[in-house]
Structures are given as C-alpha cells and as structure tokens.
Amino acid sequence: PDSDILGGLTPGVSRVTNRDLATMMVSVSDNSAANILIERVGIENVNALLDSLGLKQTRLRRKMMDLEAAKQGRENVATPRELAALLEAIYGGKVIEKPLADDFFKILASGRTHYKAYFRAGGIPDDVVVAEKEGELEGVRADCGVVFVPGRPFVLCVMTNYLADEREGEAAISRIAGAAYRTFDRLGRASPYGRIISPRSSGSPK
C-alpha cells in the first residue's frame, strides 16, 4: 500500500534489492519501501547500531504510516545533534566502509526531484552536491544532510515543530542552510589568514 512504484512492478518477476528500496525511500519518500527495509533489517538492529554510536535519543520504534503505534506514543524520534553526529560518523568512515559511504551520500543526493530541497532553496548553487533528506508531518518540517562545499564540507540538521504555518518552517530551514553555506564557502576559499583566494575573488593583487 501507499506505493505506486512498488505496486506497479510486475508480480513474480521484479526483484528489488535493499539498495533499490533505499533509493525509493529517499528519492520519492516511499514509505512502503522504508517499511520493507525495516522488516529486512530489524528495528532492534537499527537501535543497536545507534547505541553503538552513543546516540541514545534517536530511536526507531515503529514502521512508517502506523498511526495506531503513533497514538500509543511509539513515535520515531531523533534530535538534530544526534542526526548530525550520525552523518558525521558515516562521512568519517566510522559506520560503513568508504565505498558504501560514498554510495550512501549518492543516494541522499538523488532525492531532489520529488521534494522541495529546503537546503538548496537557501541559495546553494546547483554545482554544489547536497546530500539531504527532508521530513514532513503536520506542524513539523525537518532536514538533515551534508553539503559538499569544496574544501569545507559540512553537516547540517535543522528541525522545526509546533508550526502554525509549515511554510515558515521550510523558509527557516532554507535561511539557516544558506547562511551556513555562505560561511563554509568563504572558509573553503580562504587562506589560514582569512584572505579569500579563489577565481571569484575581485581586485588585483597588492
């Protein structure tokens, strides 16, 4: 249910890999694909990995679209700090090997055709790779990812809640992402003394 893609595959013929499911989950936010992955991997294994990384406030407690579980208080939870730490650990090779980590970020960067890409809306140029995943619920907007600024890639995670107007949350995330990008772009193009050295620098040497 809830998946036009999976529901449209040929029964008895289509073989869907975990990577295929991950791509559907990220690129078109396919909740059914996420649920199949949860079944295959196991909630307890996900939380055990989080525990091994010291992430105690981030928990997978239910499948997607399970409203009854949500009503009972079994909500999936995370904090911006812990999700940022998780992404940093993956980027730093502490969770999976580099080829898999590179593929992980490639999948995260593939989902920009379906959703609004809050980070990109902050003015990040198209030639800068942004590996992000948004989250949307009523009154809630969130986005976490890695912005691959040349020389100074950075992790960013922003969460908003209790929103009377979800668009305000989206705009806030975009503004924060834009400000962070401009800061790290300058740092990536600067010398240790703070001089901006790049093809975009104006003026002649003195």
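Residues numbered from 1 in each chain as written. Predicted model: local features only at pLDDT ≥ 70, side-chain atom pairs only at ≥ 80, totals over all residues. Heavy atoms only, no water.

1. Here's the deal with the state of the cysteines
For step 1, the next point in the chain: Counting across every chain of the model gives one disulfide.
For step 2, the next point in the chain: Each disulfide pairs two cysteine sulfurs, and for Cys144 the partner residue is Cys157, the sulfurs being separated by 2.0 Å. With a gap of 13 residues between them, Cys144 in strand E2 (residues 140–148) and Cys157 in strand E3 (residues 154–160) connect regions that are remote in the sequence. Of the two residues, Cys144 and Cys157, both sit in the buried class. (Disulfide = S-S within 2.5 Å. Helix = DSSP H or I, 4+ residues; strand = E, 2+ residues; numbered from the N terminus. Buried < 20%, exposed > 50% of the residue type's maximum accessible area, 1.4 Å probe, protein only.)

2. Regarding the pairing of strand E1 (residues 129–137)
For step 1, the next point in the chain: Here E1 pairs with E2 via nine bridges, running antiparallel. Bridge pairing links Val130 to Val147 in E2.
For step 2, the next point in the chain: In sequence, E1 turns back onto E2 through a hairpin of two residues, with Gly139 there showing a positive phi of about 80°. (Pairing = 2+ DSSP bridges.)

3. Topic: the side chain of Thr58
For step 1, the next point in the chain: Checked against the element boundaries, Thr58 lands in the loop between helix H4 (43–52) and helix H5 (67–71).
For step 2, the next point in the chain: Since its relative accessible area comes to 7%, Thr58 is described here as buried.
For step 3, the next point in the chain: There is a polar contact of 2.7 Å between the side chain of Thr58 and the side chain of Glu82.
For step 4, the next point in the chain: With near-sequence residues (within four places) excluded, Thr58 lies in contact with Asn47, Leu50, Val77, Ala78, Thr79, Glu82 and Leu83. (Polar contact = N/O pair within 3.5 Å; in protein donor to acceptor, adjacent residues only side chain to side chain. Contact = heavy atoms within 4.5 Å.)

4. Some points on the environment of Leu37
For step 1, the next point in the chain: Examined against the element boundaries, Leu37 turns out to sit in helix H3 (residues 31–41).
For step 2, the next point in the chain: By relative accessible area, Leu37 is classed as buried at 14%.
For step 3, the next point in the chain: Once the C-alpha coordinates of Leu37 and Phe104 are considered, the two residues, 67 residues apart in sequence, prove to be 15 Å apart.
For step 4, the next point in the chain: Contacts of Leu37, omitting those with residues within four sequence positions, involve Asn18, Leu21, Ala22, Met25 and Gly42.

5. Some thoughts on the sheet that holds E1
For step 1, the next point in the chain: The strand order E1-E2-E3 describes an open sheet built from three strands, whose pairing is antiparallel. Edge strands, defined here as strands with exactly one partner in the open sheet, are E1 and E3. With direction set aside, neighbouring strand axes in the sheet form an average angle of 5°.
For step 2, the next point in the chain: Where helix H6 (residues 80–91) meets the sheet, it contacts E2 and E3, and its direction lies at approximately 155° from that of E3. (Axes fitted to C-alpha atoms, helices over the stretch in contact; angles between N-to-C directions.)

6. Observations regarding the packing of aromatic side chains
For step 1, the next point in the chain: In this structure the tally under the stated criterion is five aromatic pairs.
For step 2, the next point in the chain: Relative to Phe105, the ring of Tyr91 lies with its centre 6.3 Å away and its plane at 70°, an arrangement referred to as edge-to-face. Linking Tyr91 in helix H6 with Phe105 in helix H7 (residues 98–108), this pair joins segments that are 14 residues apart in sequence.
For step 3, the next point in the chain: Residue Tyr91 is classed as partly exposed on the basis of its relative accessible area of 45%.
For step 4, the next point in the chain: Feature note: the residues Tyr91, Phe104, Phe105 and Phe148 constitute an aromatic cluster, connected by ring pairs. (Phe/Tyr/Trp six-rings, centres within 6.5 Å; stacked < 30°, edge-to-face > 60°.)

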